[in-house]
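# A closer look at the structure
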Amino acid sequence: MKKIASVFVILLLLIGVSACNRKETTEDNKNNKIIVVYFSYTGNTKRLVDYVVEKYDCDSYRIEAKDEYNKGDTVFDQNTRAYKEQHDPTCRPEIRYELPDLKEYDTIFLAYPIWHGLAPKIIYTFLENVDVDNKRIIPFCTSANNPVGDSVNSLKHIKPDALWDEGIRFASTVEKKEFIRWLDSLVLSPA
Ligand SMILES: Cc1cc2nc3c(=O)[nH]c(=O)nc-3n(C[C@H](O)[C@H](O)[C@H](O)COP(=O)(O)O)c2cc1C
């Protein structure tokens, strides 16, 4: 009986500790309004975006192309729409839905897959049409093997007055716990 009672007490303690941790996260970020803006074609990046939303209980905005991509557009070879767009410096695919008003946000997670070494051109369309000056942008990408660096350097040219984090790349199949470890390492200070 005594044993059952102690197991019960331990369980209660564990539940208490986890509730406390969750509260701490929410409290820490209550003055720091966060949004995750993302593009994801096959869903790998979106899976990670969902973890961010789950952790911070924050808003998200999915960038979708007016002229939707389909399988043939994104095959990894030179005659596809994606390849041509990524190699055309002037290409800015149109976004389907109204853009979010970013005025109220302090921190923007910007998430995307790597397409032919860079962020998909629709991310450029997005950045060119919003005001992110003095806002913190935390880029992260998923990819088969390319690192994130070139994509972030290129995006920085579009919005040099945003406060860019270095950015980080995750493998398309990264485990949740590895991603969460990175999220936990971020210091998101209140505005
Ligand atoms: C059109 C296209 C181009 C890609 N180019 C690259 C690339 O240059 N380097 C790389 O490591 N992965 C590349 N990939 C793989 C994707 O970055 C990877 O599968 C990513 O996780 C997809 O994310 P998503 O499911 O959110 O769209 C490419 C995928 C597609 C569809």
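The shown structure was predicted, so the numbers you read here are calculated from the model rather than taken from an experiment.

### Remarks on the pattern of salt bridges
Applying the stated criterion to the full structure yields 14 salt bridges. Between D50 and K46 there is a salt bridge, and its shortest N-O distance comes to 2.9 Å. Here K46 and D50 lie together in helix 2 (residues 44–56), a separation of four residues that amounts to about one turn. D50 gets classed as partly exposed once you look at its relative accessible area, which sits at 35%. Judged by its relative accessible area of 25%, K46 falls in the partly exposed class. With a closest N to O distance of 2.8 Å, R136 and D165 form a salt bridge. In this pair, R136 sits in strand 4 (residues 136–143) while D165 sits in the loop between strand 5 (163–164) and strand 6 (168–171), placing the two residues 29 residues apart along the sequence.

### A word on the environment of N32
In this structure, N32 sits in the loop between helix 1 (2–28) and strand 1 (34–38). Since its relative accessible area comes to 2%, N32 is described here as buried. Side-chain polar atoms of N32 contact the side chain of T107, separated by 3.0 Å.

### Focus on the site of the ligand
By nearness alone, 20 residues border the ligand, and S40, T42, T45, T142 and N145 come closest of all. Between the ligand and Y41 there is a distance of 2.7 Å, counted from an oxygen atom to a backbone nitrogen or oxygen. In this structure, an oxygen atom belonging to the ligand sits 2.9 Å away from a main-chain N or O atom of G43. Relative to its free-state accessible area of 650 Å², the ligand is covered by the protein chains to the extent of 89%. Only helix 2 and strand 4 provide two or more residues apiece to the shell around the ligand.

### Comments concerning the pairing of strand 2 (residues 59–62)
Summarising the sheet, strand 1 and strand 2 pair through four bridges and their orientation is parallel. Looking across to strand 2, one finds that V36 is bridged to S60. Read from strand 1 through helix 2 to strand 2, the crossover connection turns out right-handed.

Scoring rules and cut-offs
- Residues numbered from 1 in each chain as written.
- Predicted model: local features only at pLDDT ≥ 70, side-chain atom pairs only at ≥ 80, totals over all residues.
- Heavy atoms only, no water.
- Salt bridge = Lys/Arg side-chain N within 4 Å of Asp/Glu carboxyl O.
- Helix = DSSP H or I, 4+ residues; strand = E, 2+ residues; numbered from the N terminus.
- Buried < 20%, exposed > 50% of the residue type's maximum accessible area, 1.4 Å probe, protein only.
- Polar contact = N/O pair within 3.5 Å; in protein donor to acceptor, adjacent residues only side chain to side chain.
- Near = heavy atom within 4 Å.
- Areas by Shrake-Rupley, 256 points an atom, 1.4 Å probe, with all protein chains shown as cover.
- Pairing = 2+ DSSP bridges.
- Right-handed = clockwise from strand over helix to strand, strands pointing away.

Nothing here speaks to function; it is all geometry.
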